[in-house]
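# Coordinate inspection notes
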Amino acid sequence: METILTPLGTRGWMPRDGRQTMCTLVQVGAHTFLLDCGTGVSRLLDPELQAQLQESPLTILFSHYHLDHLAGLAYLPGIFPERKRPVRLAGPREGFLSQGLRQACEQLTASPLSSRHYREFPFPVEIQEFGPEGFQVDGIPIAVALQDHPGGSVTLRIGDAVCYATDLAAATRELPLAKGVEVLIHEAWSPQAQAGPHSGLLEALDRTEKAGVSRLVPTHFSPWMDEAEIQSLATYSTATVKVLVPTEGFPFRF
Ligand SMILES: [Zn+2]
Ligand SMILES: [Zn+2]
């Protein structure tokens, strides 16, 4: 089954130089996923993507609820004004992370931060909260694992196609969930080795190799990385791992 992966937002914390905050479109068979919903979701205003997505089953998977992963939720009524089918929002529950998806959606879409509560969006919204056991979307298993990050965050895996790991401590040793996937999308907060709540490209490469994965798409670039530095990440490819630098709006096909 073909997987199409379209990076829509690849910055952590704040947008810079035309790169938006975190959002990746993943199309697996007939199902469409968004990994996180930062400002990059605004790229779905592109007429071609609009036409493709307007009525396809859509699940937005959240790694956690920091604003660079959540802010675009408030844009959805403008992106899907005519949509009839539901949009499923799926994220970690309270107790798994410090707060659950429902609380995060309430807070972001209540007055005075938003004029439209998520229950008043033009399309039905389904909220699905999950724990460490994960869940299924139309027969596609979604596996999750807790990461070390302030308030918590999770690794997400969609079937055998994609594993997504962002906002995780530099000291993380490996990513068992990534074993055997076609592509790993992983945070690269900087080209240098990191310490603290974020991981750089060197940690990402090490975890990709340990998991036996051959493709690494770096993402969640810090606001201090300029475009030349982001493009230079391709030169870190090794004999076993190809580093695929994302351009927002341009798909990879696997
Ligand atoms: Zn982030
Ligand atoms: Zn975060």
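These notes cover the structure that comes with them. One numbering rule holds for all chains: residues counted from 1, following each sequence as written. Chains and ligands are labelled sequentially in the order written, the chains with letters from A and the ligands with numbers from 1. Confidence filtering applies because this is a predicted model: local features only for residues at pLDDT of at least 70, side-chain atom pairs given and counted only at 80 or more, and all residues used for totals across whole chains, interfaces and linings. Computation of side-chain values covers all heavy atoms of the structure but excludes hydrogens and water.

What follows deals with the sheet that holds strand E3 (residues 31-35). Two strands are counted as paired when DSSP detects at least two bridges linking them. The numbering of helices and of strands both runs from the N terminus, where a helix is a DSSP run of H or I of at least 4 residues and a strand a run of E of at least 2. The seven strands are arranged E6-E5-E4-E3-E2-E1-E14 in an open sheet whose pairing can be described as mixed. Since the sheet does not close on itself, it has two edges, and those belong to strand E6 (125-130) and strand E14 (252-253), each with one partner. Any two residues whose heavy atoms approach within 4.5 Å are treated as being in contact. Only the stretch in contact is used when fitting a helix axis, every axis being a line fitted to C-alpha atoms; angles between N-to-C directions are given from 0 to 180 degrees. Sheet strands touched by helix H4 (residues 101-109): strand E5 (87-92) and E6. Its angle to E6, the strand with the most contacts, is close to 135°.

It is worth spelling out the coordination of the zinc ion (ligand 2) at this point. Counted as coordinating are nitrogen, oxygen and sulfur atoms within 2.8 Å of the metal, or 3.2 Å for Na, K and Ca, while water is not included, which may make sites look incomplete. In the first shell of the zinc ion (ligand 2), the protein supplies His-64 (NE2), His-66 (ND1), His-149 (NE2) and Asp-167 (OD), at 2.2 to 2.4 Å from the metal. Every donor counted, the four donor atoms about the zinc ion (ligand 2) form angles of 92 to 166° at the centre, which fits irregular coordination. Separation of the zinc ion (ligand 2) from the zinc ion (ligand 1) amounts to 3.6 Å, with Asp-167 serving as a shared donor to the pair. Of this pair, His-66 sits in the loop between strand E4 (58-61) and helix H2 (67-70) while His-149 sits in the loop between strand E8 (140-147) and strand E9 (153-158); the two residues are 83 residues apart in sequence, bridging distant segments of the chain. For the exposure calls, accessible area comes from a 1.4 Å probe over protein chains only, and a residue counts as buried if that area is under 20% of its type's maximum, exposed if over 50%, partly exposed in between. His-149 gets classed as buried once you look at its relative accessible area, which sits at 8%. Geometry assignment treats four donors as tetrahedral when all angles are between 85 and 135 degrees, treats four as square planar and six as octahedral when opposite donors are over 155 degrees apart and all others between 65 and 115, and treats everything else as irregular.

Those donors, Asp-68 (OD), His-69 (NE2), Asp-167 (OD) and His-220 (NE2), are the protein atoms that reach the zinc ion (ligand 1), and they lie 2.1 to 2.3 Å from it. What the four donor atoms of the zinc ion (ligand 1) show is an angle range of 93 to 164° at the metal, which sorts the shape as irregular. For the zinc ion (ligand 1), the single-chain donor residues occur in sequence as D-H-x97-D-x52-H.

Two aromatic rings, drawn from Phe, Tyr or Trp (for Trp, its six-membered ring), form a pair once their centres lie within 6.5 Å of each other, and the interplanar angle then sorts them: stacked below 30 degrees, edge-to-face above 60, tilted otherwise. Tallied over the entire structure, the rule returns seven aromatic pairs. Aromatic side chains Phe-62 and Tyr-65 sit 6.0 Å apart centroid to centroid with 55° between the ring planes, which places their arrangement in the tilted category. Each member of the pair, Phe-62 as well as Tyr-65, carries the same accessibility label: buried. Ring centres of Phe-80 and Phe-123 lie 6.2 Å apart, and the angle between their planes is 85°; on these two criteria the pair is classed as edge-to-face. Note that Phe-80 is positioned in the loop between helix H3 (76-79) and E5 and Phe-123 in the loop between H4 and E6, a separation of 43 residues in sequence. Here, a charge over a ring is recorded when the distance from Lys NZ or Arg CZ to the ring centre is within 6 Å and its angle to the ring normal is within 35 degrees. Sitting over the ring of Phe-80, Arg-83 keeps its end group 5.5 Å from the ring centre. We note Arg-119 situated over the ring of Tyr-118; from NZ or CZ to the ring centre the distance is 5.5 Å.

A few words now on a nonpolar patch on the surface. The patches reported here contain residues having more than 30% relative accessible area and no salt bridge. Joining distances are 9 Å for like charges and 5 Å for nonpolar side chains (Val, Leu, Ile, Met, Phe, Trp, Tyr). Method for areas: the Shrake-Rupley scheme with a 1.4 Å probe, in which residue coverage is limited to the protein chains shown. The term salt bridge refers to a pairing of a side-chain nitrogen on Lys or Arg with a carboxyl oxygen on Asp or Glu at a separation within 4 Å. A contiguous nonpolar surface patch, about 400 Å² in accessible area, is contributed by Trp-13, Met-14 and Trp-224. Inspection of the secondary structure assignment puts Met-14 in the loop between strand E1 (3-9) and strand E2 (23-28).

Below, the discussion takes up the side chain of Glu-187. In this structure, Glu-187 sits in strand E11 (residues 183-187). Buried Glu-187, no salt bridge; nearest opposite-charge side chain is Arg-207, N-O distance 6.1 Å. Reaching out from Glu-187, the side chain makes a polar contact with the backbone nitrogen of Asp-167 at a distance of 3.1 Å. Any pair of nitrogen or oxygen atoms within 3.5 Å is treated as a polar contact; in protein, a donor-acceptor pairing is required on top of that, and neighbouring residues in sequence qualify only through side-chain atoms on both sides. There is a polar contact of 3.1 Å between the side chain of Glu-187 and the backbone nitrogen of Ser-199. If sequence neighbours within four positions are ignored, Glu-187 has contacts with Ala-165, Thr-166, Asp-167, Leu-168, His-198, Ser-199, Gly-200, Ala-204, Thr-219 and His-220. Only four residue types enter the charge count: Lys and Arg as positive, Asp and Glu as negative, with His and the chain ends excluded.

With that out of the way, let us pick up the nonpolar core. Counting 56 residues, the largest nonpolar core has Leu-44, Leu-76 and Ile-142 as the members making the most contacts within it. Setting aside residues up to four positions removed in sequence, Leu-76 forms contacts with Cys-37, Val-41, Ile-60, Phe-121 and Phe-123. Here, the term nonpolar core denotes a set of buried Ala, Val, Leu, Ile, Met, Phe, Trp, Tyr and Cys residues that are joined through side-chain atoms within 4.5 Å. Counting 22 residues, the second-largest nonpolar core is a separate cluster that includes Leu-168, Leu-201, Ala-211 and Ile-230.

Across the sheet, which stays open at both edges, the seven strands sit in the order E7-E8-E9-E10-E11-E12-E13 with mixed pairing between neighbours. Both outer strands of the open sheet, strand E7 (135-137) and strand E13 (242-243), are each paired with one neighbouring strand and no more. Where strand E10 (residues 162-165) and E11 come together, four bridges link them in parallel fashion. Pairing of Cys-163 across the sheet is with Leu-184, part of E11. Helix H5 (residues 201-210) rests against E11, strand E12 (215-219) and E13 of the sheet, and its axis sits at about 155° to E12.

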